[in-house]
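# Residue-level structure breakdown
Now for the letters of each chain:
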Amino acid sequence: KAIERECEAAAKRVAVLEFTGPSASAVQAQVSQGLKARSEIELVSGREVKSTADRLGNPRETATEYQEGGEAHEVSAFVEGTVEKRGRNLAANVTVRNASTGEVIHEETWSKRRSGLKTIKPEVWKKLGPAIQESSAPIKSKQKPTKTKPKPVEVDQVGVGDVDGVPGDEAGGEHGGD
């Protein structure tokens, strides 16, 4: 029970990956600040994630690579986004991925004028929070087993015609002759 309470009290570690597109850094900052304001969230440094991504390969390609990144950083969720122009507005598409599966578990789009995207911080938790709370960190893979030499197995050799290891006792009769 104490372990369960400790796990519930632990903050969810979330990695906010680099956003792309026009005004991406401003939108990323709004999302990060919106998450950072919550006591139940611990943000993992984007620089730290990028460093690991460079070592593991681009973590934005397959679910397995997200899982590896999640395990490496002990994160429950990845948040990433793209920003694109849509007429006079900018649309920020933000996704939440479950780190244990690598799958997208929530997608949210904010479509506003450029200045309007700088005001999404108060909405971030309301829109993304439930998915982040449902996310889970990958289970750490066990260390590779070490090679050990098999121990020799001793086998009793019983001759043909011997029963219970007694020579000449094929039928289990008297010993020593007739």
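Computed from a predicted model, the values in this text were never measured in an experiment. (Residues numbered from 1 in each chain as written. Predicted model: local features only at pLDDT ≥ 70, side-chain atom pairs only at ≥ 80, totals over all residues. Heavy atoms only, no water.)

The next subject is the environment of Thr 101. If you trace the backbone, Thr 101 turns up in the loop between strand E4 (89-98) and strand E5 (104-112). There is a polar contact of 3.2 Å between the side chain of Thr 101 and the backbone nitrogen of Glu 103. (Helix = DSSP H or I, 4+ residues; strand = E, 2+ residues; numbered from the N terminus. Polar contact = N/O pair within 3.5 Å; in protein donor to acceptor, adjacent residues only side chain to side chain.)

Before going further, it helps to examine the side chain of Arg 97. Within the secondary structure, Arg 97 is located in strand E4. When its relative accessible area of 18% is taken as the criterion, Arg 97 is described as buried. Here the side chain of Arg 97 touches Tyr 66 through a polar contact of 3.2 Å, side chain to side chain. Within polar-contact distance, the side chain of Arg 97 engages the side chain of Glu 80 at 3.0 Å. In contact with Arg 97, not counting residues within four places along its chain, are Tyr 66, Ser 76, Ala 77, Phe 78, Glu 80, Gly 102, Glu 103, Val 104 and Ile 105. (Buried < 20%, exposed > 50% of the residue type's maximum accessible area, 1.4 Å probe, protein only. Contact = heavy atoms within 4.5 Å.)

What follows deals with the sheet that holds strand E1 (residues 12-16). The five strands are arranged E2-E1-E3-E4-E5 in an open sheet whose pairing can be described as mixed. Two strands in the sheet have a free side with no partner beyond their single neighbour: strand E2 (41-44) and E5. When the angles between neighbouring strand axes are averaged without regard to direction, this sheet yields 25°. Taken together, the eight bridges between E4 and E5 define a ladder with antiparallel strand orientation. Across the sheet, residue Leu 90 finds its bridge partner in E5, namely Lys 112. Of the strands in this sheet, E1, E2, strand E3 (77-86), E4 and E5 touch helix H5 (residues 121-134), which is tilted by about 170° from E5. (Pairing = 2+ DSSP bridges. Axes fitted to C-alpha atoms, helices over the stretch in contact; angles between N-to-C directions.)

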